[in-house]
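# Inside the fold
As a plain string of letters, each chain reads:
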Amino acid sequence: VQLVESGGGLVQPGGSLRLSCVASGFTFRWYAMSWYRQAPGKERELVATITSAGGSTNYADSVKGRFTISRDNVKVTVYLEMNSLKPEDTAVYYCKTRVGVLDYWGQGTQVTVSS
């Protein structure tokens, strides 16, 4: 299983970014996918989750109404659209899936929100 994130960068407060996570090594369409983030000195936290077919999503309260998780099962990719970004959104963002009893993580992509 391999998960490769991209799309991070430096953005001003109020700006937008779209993160992508390309999957390989497993049957992507069978599994839920999640985005997590970890800010310096803080624990990793769940940001958003999407079910295998994309019919249901869940979000952390801190990002509801600003972030949107989606997936393309043909492109084996999960996305995180982030709008109205705030400095407190600064973190390394990871995608994650659970296959069987094992969790698999990407390497992370840095998002920095600063003026």
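A short tour of the structure in this document, coming up. This structure is a prediction, so every number in the text was calculated from the model and none was measured. (Residues numbered from 1 in each chain as written. Predicted model: local features only at pLDDT ≥ 70, side-chain atom pairs only at ≥ 80, totals over all residues. Heavy atoms only, no water.)

## Some words on the environment of Arg-44
The condition is simple: Under the DSSP-based scheme used, a helix requires at least four consecutive residues in state H or I and a strand at least two consecutive residues in state E, with every element numbered from the N terminus. Contacts were defined at the residue level, with two residues in contact if any of their heavy atoms lie within 4.5 Å. Whenever two N or O atoms come within 3.5 Å, that pair is a polar contact, provided that in protein one can donate a hydrogen and the other can accept it, and provided that, for residues adjacent in sequence, both atoms are side-chain atoms.
Mapped onto the secondary structure, Arg-44 falls in the loop between strand 4 (33–38) and strand 5 (45–50). The sequence separation of Arg-44 and Tyr-94 amounts to 50 residues, and the corresponding C-alpha distance is 9.2 Å. Residues within four places of Arg-44 in sequence aside, it is in contact with Tyr-36, Arg-37, Gln-38, Tyr-94 and Trp-105. Side-chain polar atoms of Arg-44 contact the side chain of Gln-38, separated by 3.4 Å.

## Considering the pattern of salt bridges
Let me state the cut-off plainly: For this analysis, a salt bridge means a side-chain nitrogen from Lys or Arg found within 4 Å of a carboxyl oxygen belonging to Asp or Glu. The cut-offs for exposure are 20% and 50% of the maximum accessible area for each residue type, with area from a 1.4 Å probe on protein chains only; residues under the lower value are buried, those over the upper are exposed, and the others partly exposed.
Evaluated as defined, the whole model comprises six salt bridges. Of the charged contacts, one joins Arg-37 and Glu-45 as a salt bridge, the two residues approaching to 2.6 Å between their closest N and O atoms. Judged by relative accessible area, which is 5%, Arg-37 ranks as buried. Residues joined by salt bridges that share partners form a network here, namely Arg-37, Glu-45, Arg-66 and Asp-89.

## A few points about the environment of Gly-65
Residue position: Gly-65 is located in the loop between strand 6 (57–59) and strand 7 (67–72). Take Gly-65: its relative accessible area is 83%, and that puts it in the exposed class. Separated by 14 residues in the primary sequence, Gly-65 and Thr-51 place their C-alpha atoms 19 Å from one another.

## Here we look at the packing of aromatic side chains
Heads up, the condition is: For this analysis, a ring pair means two rings from Phe, Tyr or Trp (six-membered ring only for Trp) whose centres lie within 6.5 Å, classed as stacked if their planes differ by under 30 degrees, edge-to-face if by over 60, and tilted for the remaining angles. Charge-over-ring placement is defined geometrically: NZ (Lys) or CZ (Arg) within 6 Å of the ring centre, and within 35 degrees of the ring normal.
This model, assessed by the stated rule, comprises four aromatic pairs. Taking 4.8 Å as the distance between ring centres and 65° as the angle between the ring planes, the aromatic pair formed by Tyr-36 and Trp-105 counts as edge-to-face. Residue Tyr-36 is found in strand 4, and its partner Trp-105 is found in strand 10 (residues 102–105); the two are separated by 69 residues along the sequence. Given a relative accessible area of 17%, Tyr-36 falls into the buried group. What makes Trp-105 partly exposed here is its relative accessible area of 33%. Here the aromatic residues Phe-26, Phe-28 and Tyr-31 are joined through ring pairs into a cluster of three or more. When the ring centre of Tyr-94 is taken as origin, the NZ or CZ atom of Arg-44, which lies over that ring, is 3.8 Å away. Cation over ring: Arg-44 sits above Trp-105, and NZ or CZ is 4.5 Å from the ring centre.

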